[in-house]
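Listed below, chain by chain, are the residues.
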Amino acid sequence: MVYKDLTKQAMIDTIEAVRVYDHTCHSSFILAILSHGGEDGKIDGVDGDPISIKENIRDKLSNANCSSLCDKPKIIIIQACQGVKKDRGSRPESADSYTEGVDTKPDPESEVLPATCTAEACTQDVYQQDGIPVNNPPEMADFVFAIATAEDYISLRNKQYGSAYIKAIDKVFHFHAHSLDILHMLTKVKRLIGDRHCTLEESEGGARIMSKVKQAPETKTLLRRQFFFFPHKPYVSHNNSKVTLFDFTIHYYDYLQGAVSSFLKDLSRNGTNSK
């Protein structure tokens, strides 16, 4: 569903409708908001009044307050400024500075134990407190907040071509949804956005100047498991060109529809002679 030009109250009402909706038959939920915004996680309505990411989205759709989305991934994509700061970019001391001092050796999951649990609880993957099994998820778990820019910074948008962040998500997800989980894809999105310079028109002393700025998208995750959209191999056509799973699905649907139609026609012609 797509809603355009919502006021603050209309956004609140829409999110409330999502909260009370029965999502039992759905395995996940995605909400994308493209608007203006400001500091402290505010997103503006068309009337200029803002809603809060924490109070009006996170709290309303949490495991505690939206039971049919409990224990399901909730992906929140936000294209909006998060402040007024401009990212002018920075210069690393060396080409290897990004990886210096980083421990790349992964910690085995078997070494990571709960703070308090019994041997039986570890075996069953169920936490225990005071002898009472607790297998319900945390209230604020299972969220991913994919935000176009870092806290306190502006987000860039071209009036003609739209949001570079949303276009990067579309591009990365289009090519990698068959093989990568969402956090790996969002990292690729951040790389795409972070590697480019944008030209920003500014006013200085009454004159219009053009300056180079950067943008660093932010991902906040509360997922407890990896989340994949389509964990399958991409469809490969006869000329060995890769096609996304979406393209394959449409191709296969057309094929299946034709096969079913042909089968029904044959059945209608030969049905009287069948035993």
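Residues numbered from 1 in each chain as written. Predicted model: local features only at pLDDT ≥ 70, side-chain atom pairs only at ≥ 80, totals over all residues. Heavy atoms only, no water.

How should the overall build of the protein be read in this particular structure?
Regarding its fold elements, the protein presents 6 helices and 17 strands. Taking all 275 residues of the protein together, the buried fraction comes to 29%. Carbon and sulfur atoms make up 53% of the accessible area of the protein, which amounts to about 19300 Å² in all. (Helix = DSSP H or I, 4+ residues; strand = E, 2+ residues; numbered from the N terminus. Buried < 20%, exposed > 50% of the residue type's maximum accessible area, 1.4 Å probe, protein only. Areas by Shrake-Rupley, 256 points an atom, 1.4 Å probe, with all protein chains shown as cover.)

Hey, could you run me through the environment of glycine 41 in this one?
Mapped onto the elements, glycine 41 comes out in the loop between β2 (37–38) and β3 (42–44). Sequence spacing of glycine 41 and glutamate 151 is 110 residues, and the spatial spacing of their C-alpha atoms is 7.8 Å. Residue contacts for glycine 41: discarding those within four places in its chain leaves Ile51, Ser52, Ile53 and Gln82. (Contact = heavy atoms within 4.5 Å.)

Any chance you could explain the packing of aromatic side chains here in plain terms?
To describe a pair of aromatic rings, you give the distance between the ring centres and the angle between the ring planes. Inspection of the entire model under this criterion finds 3 aromatic pairs. Ring geometry for phenylalanine 143 against phenylalanine 145: centres 5.2 Å apart, planes inclined by 20°, an arrangement best described as stacked. Each member of the pair phenylalanine 143 and phenylalanine 145 is classed as buried. Centre to centre, the rings of phenylalanine 227 and phenylalanine 229 are 5.1 Å apart; their planes meet at 70°, and the pair counts as edge-to-face. You can call phenylalanine 227 buried: its relative accessible area is 9%. Note on phenylalanine 229: relative accessible area 24%, which makes it partly exposed. (Phe/Tyr/Trp six-rings, centres within 6.5 Å; stacked < 30°, edge-to-face > 60°.)

Is there a simple way to think about the side chain of serine 163 in this case?
Position of serine 163 relative to the elements: it lies in strand β12 (residues 162–163). You can call serine 163 buried: its relative accessible area is 7%. Only 3.2 Å separates the side chain of serine 163 from the backbone nitrogen of tyrosine 165, close enough to count as a polar contact. (Polar contact = N/O pair within 3.5 Å; in protein donor to acceptor, adjacent residues only side chain to side chain.)

In this structure, what is going on with the layout of surface pockets? I would like to understand it.
Put simply, the largest pocket is a space of about 1600 Å³. Along the wall of the largest pocket there are 46 residues; nearest its centre are Ile33, Leu34, Ser35, His36 and Gln79. At the level of secondary structure, the elements contributing two or more residues to the lining of the largest pocket comprise α1 (8–20), β1 (29–34), β11 (157–158), β12, α4 (164–176) and β13 (198–204). With 6 residues, β1 is the single largest residue contributor to the lining of the largest pocket. (1 Å grid on protein atoms, 1.4 Å probe; cavity = no way out; pocket = protein on both sides within 12 Å on 5 of 7 lines; lining within 4 Å. Points joined across faces, edges and corners; volume = space filled by probe spheres on them.)

It is not clear to me how unusual backbone geometry should be interpreted in this structure. Could you clarify?
Trans peptide bonds make up most of the peptide bonds, and negative phi angles are found at most residues other than glycine. In this model, aspartate 40 sits at a positive phi of 60°, which is unusual for a non-glycine residue. By the secondary structure assignment, aspartate 40 is in the loop between β2 and β3.

Where do I start with the environment of threonine 221 in this structure?
Counting through the fold element by element, threonine 221 comes out in strand β15 (residues 218–221). Threonine 221 sits 75 residues away from alanine 146 along the chain, and the two C-alpha atoms are 8.4 Å apart. Setting aside its immediate chain neighbours within four residues, threonine 221 contacts Phe143, Val144 and Leu183.

I tried to follow helix α5 (residues 182–194) on my own but got confused; where do I start?
Along an α-helix, residues three or four positions apart point the same way, because every turn accommodates 3.6 residues. Taking 1.5 Å of rise per residue, the 13 residues of α5 would be expected to cover 18 Å, and the 18 Å separating its terminal C-alpha atoms lies within 8% of that figure. Of all the residues in α5, the buried ones are Ile182, Met185, Leu186, Val189 and Ile193. Along α5, the residues classed as buried sweep out an arc of 100° about the axis, all on the same side. Among the structural elements, β5 (74–79), β9 (143–147), α4 and β15 are those in contact with the buried residues of α5. (Expected span 1.5 Å × (residues − 1). Arc of directions from axis to C-beta.)

The values are spatial; any link to function lies outside them.
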